[in-house]
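Inside the fold
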Amino acid sequence: MSNKGRREILQLAAGAASVLACPGLLHAQPSYPSRPIRVIFPFSPGGTGGVLLTAVCQAAGKHLGGNMFVDYKPGASGTLGPAELLRGAPDGYTLSQIHSGVWRLPHIQKVPFNPLEDFSYIICMGGYVFGLMVRADSPFKTIADVVTYAKANPGKFSFGSQGNNTTGHLAVEDFAFRAGIKLLHIPFKGDPEGNQAVLGGHIMAHSSTSSADPLVESGQCRLLATFGSERAKRWPNVPTLKESGYDTVFVGPWGIGGPKGLDPAITARLHDAFKAALQDSTVRDIYDKAGLPVLYLDTADYTKFVRDSFYAEKALIDKLGFGLKT
């Protein structure tokens, strides 16, 4: 055999060895994505979160050279989407929005997943602005009014949220704990239902996200407080719960996840596509108009953040007395 022939064989062998050393190369074929990618939104349609995720998926799909579509799966406190990842193949065609309830709920109730073992965390993309909203003709003008009423009428001030043990629910429960009051929680499948309930006078208040902004802008509803560490850009005249004297801060970080064992090469491509979507003009316009924070974390940092948050949430749940009863 000639020296040239030997060199070619050695080069082929070296190439094969590199592929075997990096199994992801075998699966992350250039054809990905060859079919539409399904991204589950685990709450009701009609809110800012669903609109934002749709825009994000459209922009990310363009970057990938394929199509992404949003599939709404409301209910079960936002766990139906993540739970469906347990049945999805780790091929990059089934993803879900991941929210803080994913690592909080296992401390409260039985769920079909382990957030530290059952998912591949791809990217953290943002947070929500939460606030307590009442109808415009409500007698409650401030958080102090709520506290005064609740102390005189324990368990009678009713408020809604996206569901039991969601961020909107626990933020108000944390505030109530600090204020020494008892409130009546009414869970819904998402913000649109809760927003309509407060408009219809069925509940006194709703712990809503930015999906309630149009109701506040139109003068139909009024924000008593927001739950961030500082005033929301969209509502600079609305105080935070912290300013109102209660050290309650919730921002509801969200990101994108896939099934356990997602190919690292596909994870990297998806991360890059979603990160690029954060620079898309339509996406940024939604973030800006809704006053939503961009909370970007790459795959490694997001995975660590989830693990750290899992244990931090346990401390919160134990404090509120909502822990899983064994």
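Scope of this entry: the structure provided in the associated data block. (Residues numbered from 1 in each chain as written. Predicted model: local features only at pLDDT ≥ 70, side-chain atom pairs only at ≥ 80, totals over all residues. Heavy atoms only, no water.)

A word on the overall build of the protein
When helices and strands are counted, the protein shows twelve helices and ten strands. Its C-alpha atoms give the protein principal-axis dimensions of about 95 × 45 × 30 Å. Going through the 326 residues of the protein one by one, you find that 52% of them count as buried. Of the contacts made within the protein by residues no fewer than 6 positions apart, 76% connect residues no fewer than 24 positions apart. Here the protein displays about 14,700 Å² of accessible surface, and carbon together with sulfur accounts for 56% of that area. Each charge sign in the protein was given a centre, from 32 positive and 27 negative side chains, and these centres are 2 Å apart. (Helix = DSSP H or I, 4+ residues; strand = E, 2+ residues; numbered from the N terminus. Buried < 20%, exposed > 50% of the residue type's maximum accessible area, 1.4 Å probe, protein only. Contact = heavy atoms within 4.5 Å. Areas by Shrake-Rupley, 256 points an atom, 1.4 Å probe, with all protein chains shown as cover. Lys, Arg positive; Asp, Glu negative; His and termini not counted. Charge placed at Lys NZ, Arg CZ, Asp CG, Glu CD.)

Observations concerning empty space enclosed by the protein
Using the criterion set out here, one finds three cavities of 30 Å³ or more in the structure. Approximately 90 Å³ is the volume attributed to the largest cavity. Looking at the lining of the largest cavity, the elements with two or more residues in it are α3 (48-64) and α8 (191-199). No other element matches the three residues that α3 contributes to the lining of the largest cavity. In terms of residue class, the lining of the largest cavity is made up of four nonpolar, nine polar and one charged. Taken as a whole, the second largest cavity holds about 80 Å³ of empty space. (1 Å grid on protein atoms, 1.4 Å probe; cavity = no way out; pocket = protein on both sides within 12 Å on 5 of 7 lines; lining within 4 Å. Points joined across faces, edges and corners; volume = space filled by probe spheres on them. Nonpolar A, V, L, I, M, F, W, Y, C, P; charged D, E, K, R; others polar.)

Here's the deal with α8
Those residues of α8 that fall on the buried side of the exposure criterion are Asp 191, Gly 194, Asn 195, Ala 197, Val 198 and Leu 199. Taken together, the buried residues of α8 touch β5 (131-135), β8 (205-208), α9 (213-217) and β9 (221-226). Where α8 terminates, the next one or two residues include Gly 201, which has phi positive at roughly 80°.

Focus on α3
For α3, with 17 residues, the first-to-last C-alpha span of 24 Å sits near the 24 Å given by 1.5 Å per residue. Counted residue by residue, α3 has twelve buried out of 17 residues, so it is predominantly covered. Along α3, the positions that sit buried rather than exposed are Thr 48, Gly 49, Gly 50, Leu 52, Leu 53, Ala 55, Val 56, Cys 57, Ala 59, Ala 60, Gly 61 and Leu 64. Of the residues flanking the end of α3, it is Gly 65, one or two places downstream, whose phi is positive at about 85°. (Expected span 1.5 Å × (residues − 1).)

Description of the packing of α3 against helix α11 (residues 281-290)
The geometry of a pair of packed helices is captured by two quantities: the angle between their axes and the separation between those axes. Packing of α3 against α11 leaves a shortest axis separation of 9 Å and a crossing angle of 160°. Judged by the angle between their axes, α3 and α11 are roughly antiparallel. Between α3 and α11 lies a crossing whose hand is left-handed. The segment α3 lies against α11, with Thr 48, Val 51, Leu 52, Ala 55, Val 56 and Ala 59 engaging Thr 282, Val 283, Ile 286, Tyr 287 and Ala 290. (Axes fitted to C-alpha atoms, helices over the stretch in contact; angles between N-to-C directions. Parallel < 35°, antiparallel > 145°, perpendicular 65-115°, else oblique. Left-handed = near helix turned anticlockwise from the far one by under 90°.)

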